[in-house]
Amino acid sequence: MQFQTRCVHVGVNKDTAYNSCITPIYPSSTFYWDDLNTHKGYDYTRSGNPTRKALEENLAALEGGIDCKATCTGMAAITTAMHLFRPGDHIIAGHDIYGGTYRLFADVMTSQGYRFSFVNMGDPENVRAALTPETKGIWIESPSNPLLNVVDIAAITEIARSAGAVSVADNTFLSPYLQRPFELGVDVVVHSTTKYLNGHSDVVGGCVVTRHEEHAERIGYIVNAMGLGCSPFDAWLVLRGVKTLGPRVEAHQRGAMALARMLDEHPAVDRVYYPGLESHPGHELAKRQQDGFGAMLSFDVKGGRPDAERVFSRLKLFSLAESLGGVESLVEYPETMSHASMTLEARREAGISERTIRVSVGIESPEDLVADMRQALEG
Ligand SMILES: Cc1ncc(COP(=O)(O)O)c(C=O)c1O
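Residues numbered from 1 in each chain as written. Predicted model: local features only at pLDDT ≥ 70, side-chain atom pairs only at ≥ 80, totals over all residues. Heavy atoms only, no water.

## Comments concerning the site of the ligand
In the vicinity of the ligand, 13 residues are found, and the nearest of them are Met75, Asp170, Ser192, Thr194 and Lys195. Within the contact set of the ligand, a nitrogen atom lies 2.7 Å away from a side-chain nitrogen or oxygen of Asp170. In this structure, Thr194 approaches the ligand through a side-chain N or O atom, which is 2.7 Å from an oxygen atom. When the ligand sits alone it has 390 Å² of accessible area, and the protein chains cover 91% of it. Per element, the largest residue contribution to the shell around the ligand is 3 residues, and it comes from helix H3 (residues 74-82). Residue composition of the shell around the ligand, by class: 4 nonpolar, 7 polar and 2 charged. (Near = heavy atom within 4 Å. Polar contact = N/O pair within 3.5 Å; in protein donor to acceptor, adjacent residues only side chain to side chain. Areas by Shrake-Rupley, 256 points an atom, 1.4 Å probe, with all protein chains shown as cover. Helix = DSSP H or I, 4+ residues; strand = E, 2+ residues; numbered from the N terminus. Nonpolar A, V, L, I, M, F, W, Y, C, P; charged D, E, K, R; others polar.)

So this is what it looks like as structure tokens:
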């Protein structure tokens, strides 16, 4: 089956009672046994649920993995994946990862005895240089959040393999429609399904997809033991969203490219971060390892925070809000919003400044988005 066919069909069509064309929602917390040895595959929803299972089969098929566990948030998925490691282990991560991931690593997990190095992954040699005998994991986000740096995933997984470390990729920004990290050698993929996979800004969720039996087993154990699985209703919503993933992402990308080209030429804009622009340092790499450039972009306004605030107040179609990947366009200010949980020093080290505005381009008509952004910049 081609990708978009899998989006629509994998995991669904299992209602033998009434032949419903969509997956039923099974809100039941518990399932009765026929006798002490027999049940129908589910006993308690924390451990497994038919609606959640449908989503998990679907997402595993989209990423090309052998198993998936759907979690209650993207952070729960990341927390779950990090349980592949133990206190004392050293993990290398990009220095410009999602702020919440940075907080989990640099604060919560560091205080539990895990050790992290945050490096500029734009050059894989920085990853090699950060290896220690205790390095057990390499955390990849590509393109990175919020500056859209493209990481050479195949080169980094090669380094991970040679060091005996597990590589994990957060594929939230592109979705499996545009990038399948397993094909580039990654061991474990995580998502915030809150974003493109659900796509309608009406659920928070996550997933961990695995390709090795031992990882699948451990992840399944942790999700159950820690109670991190998503609710049946949230699973159903994400499954509904996934069915339109391909057409949605195509529409998102059309708007992103039009907006990036306008911003790139606008005198009020200092710099545009969008891998679809030929001038972006990761453009050629993105062409190689991605099936499209995605719909996240950032730009620096010339005048700093006052300019950014003026743009936010004048925009009509773009709401000032965190999150991304929904059908409606959003703008946000990494300095005080998505990346506020990083220290000022860490933000500057990653290249995030007071001039940076991040955009999640929705599926509205590109002409309307371009016109709205232009009037906001020129006000
Ligand atoms: C790249 C990335 N990963 C993970 C997360 C966390 O996901 P959630 O908010 O669903 O917990 C986010 C949230 O913005 C994100 O942008």
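## Quick notes on the side chain of Thr23
Relative to the assigned elements, Thr23 resides in the loop between helix H1 (3-9) and helix H2 (50-63). Residue Thr23 is classed as buried on the basis of its relative accessible area, which comes to 7%. Those residues within four positions of Thr23 in sequence are excluded, and the remaining contacts are Gly11, Val12, Thr51, Ala54, Trp236 and Leu239. (Buried < 20%, exposed > 50% of the residue type's maximum accessible area, 1.4 Å probe, protein only. Contact = heavy atoms within 4.5 Å.)

## Side note on the sheet that holds strand E8 (residues 269-273)
Read from one edge of the open sheet, 5 strands run E8-E9-E12-E11-E10, paired in mixed fashion. Edge positions in the open sheet fall to E8 and strand E10 (319-320), since each of these has one partner strand only. Contacts from helix H10 (residues 245-265) reach E8, strand E9 (296-301) and strand E12 (356-360), with the element oriented near 15° to E9. (Pairing = 2+ DSSP bridges. Axes fitted to C-alpha atoms, helices over the stretch in contact; angles between N-to-C directions.)

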